[in-house]
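# Residue-level structure breakdown
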Amino acid sequence: DALIVIVSSLDSWVLTPIGSNGMQNVAILRLVRLVRLSKVLRVVRVMKAFKSLRVLVSAVANSVGALAWSMTLLFVLELIGAIFLAQVLQPMIEEDTQDEELRDWLQLRFGTWLHAMMSLFEITMAPGGFLSYRMLYEEVHIIFGVFLVVYVCVVTFAVVRVITAMFLKATLSASDTDEERLWKEKAERREAG
């Protein structure tokens, strides 16, 4: 560690001001030091002060598969909704008799698959995100209001809540597992001591 500090200081305060680029590989030494610091993480396993951090990291690690499937499910549901909206609204966007401001608004939000996907992502993830899309059911057709209500109820409320509950269950399970492991270690120390 002392060597890395000396080399970094020499690079920062001596060589850089005189315009030399001779020690560009100091970053590699810093990465080596970072890897050495990762050994400190072993201490985190046994200290009581880091129990919450251990449980959180364990829950996230145990939930990676569920997270991937949850994101896949949300993506597919948003994809279906985006394709539906882009296809259904395309004739309205192309119709010359419609208000130009409305057509521009529809084009910007639902004119392409990507725009529709981003709009549905906003509706799904942003709190109250669907409120900025009132123009769909106020100016285009009331059936889009029904679509938004069903979409928000099913995807935003039901699916996202189930995913949240699943992660909460994983966190509680990780906490229980951690408690059991700590009790086992204490019992083994008592038997050995």
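Details of the structure are given in the entry above.
Heads up: these notes are all about the structure in this document. (Residues numbered from 1 in each chain as written. Predicted model: local features only at pLDDT ≥ 70, side-chain atom pairs only at ≥ 80, totals over all residues. Heavy atoms only, no water.)

Helices and strands together make up the secondary structure of the protein, namely nine helices and zero strands. Scanning the protein from its N terminus toward the C terminus, one meets helices and strands in the order α-α-α-α-α-α-α-α-α. Looking at the protein alone, contacts between residues at least 24 apart form 63% of all its contacts between residues at least 6 apart. As presented, the protein carries roughly 13,500 Å² of accessible surface, and 67% of it is formed by carbon and sulfur atoms. (Helix = DSSP H or I, 4+ residues; strand = E, 2+ residues; numbered from the N terminus. Contact = heavy atoms within 4.5 Å. Areas by Shrake-Rupley, 256 points an atom, 1.4 Å probe, with all protein chains shown as cover.)

Moving on, we get to the nonpolar core. Grouped together as the largest cluster of nonpolar side chains are 27 residues, with contacts concentrated most on Leu89, Leu106, Phe110, Leu136 and Val140. If you list the elements that add at least two residues to this core, you get helix 5 (64-94), helix 6 (100-110), helix 7 (113-125), helix 8 (134-140) and helix 9 (143-192). The contacts of Val140, once residues within four sequence positions are left out, are Leu89, Met92, Leu102, Leu106 and Met135. (Core = buried A, V, L, I, M, F, W, Y, C linked by side-chain atoms within 4.5 Å. Buried < 20%, exposed > 50% of the residue type's maximum accessible area, 1.4 Å probe, protein only.)

With that settled, consider the side chain of Thr124. Following the sequence through the fold, Thr124 ends up in helix 7. Among the residues examined, Thr124 registers a relative accessible area of 4% and is labelled buried. Dropping the residues within four chain positions of it, Thr124 is found in contact with Leu74, Glu78, Tyr151, Val155 and Thr156.

Moving on, we come to helix 4 (residues 51-62). Across its 12 residues, helix 4 extends 16 Å between first and last C-alpha, which sits within 8% of the 16 Å expected from 1.5 Å per residue. Among the residues making up helix 4, those that are buried are Arg54, Val55 and Ala59. For helix 4, the buried positions fall inside an angular range of 130 degrees around the axis, keeping them on one side. Facing away from the buried surface of helix 4 by more than 90 degrees, the exposed residues are Leu56, Val57, Val60 and Ala61. (Expected span 1.5 Å × (residues − 1). Arc of directions from axis to C-beta.)

Here the focus is the packing of helix 5 against helix 6. Think of two packed helices as two axes; the pair is described by the angle between the axes and how far apart they sit. As a packed pair, helix 5 and helix 6 sit with axes 10 Å apart at the nearest point and diverge in direction by 155 degrees. Classed by the angle they form, the pair helix 5 and helix 6 counts as roughly antiparallel. The two elements helix 5 and helix 6 cross, and the hand of that crossing is left-handed. Seen from helix 5, the contacting residues are Leu85, Ala86, Leu89, Met92 and Ile93; seen from helix 6, they are Leu102, Arg103, Leu106, Gln107 and Phe110. Of the residues assigned to the contact of helix 5 with helix 6, the class counts are eight nonpolar, one polar and one charged. (Axes fitted to C-alpha atoms, helices over the stretch in contact; angles between N-to-C directions. Parallel < 35°, antiparallel > 145°, perpendicular 65-115°, else oblique. Left-handed = near helix turned anticlockwise from the far one by under 90°. Nonpolar A, V, L, I, M, F, W, Y, C, P; charged D, E, K, R; others polar.)

With that settled, consider the pattern of salt bridges. Side chains that carry opposite charge are capable of pairing whenever their charged atoms lie near each other. Across all of its chains, the model carries one salt bridge by this definition. Salt-bridge contacts for Asp96 lead to Arg103; the nearest nitrogen and oxygen are separated by 3.7 Å. Judged by its relative accessible area of 65%, Asp96 is exposed. (Salt bridge = Lys/Arg side-chain N within 4 Å of Asp/Glu carboxyl O.)

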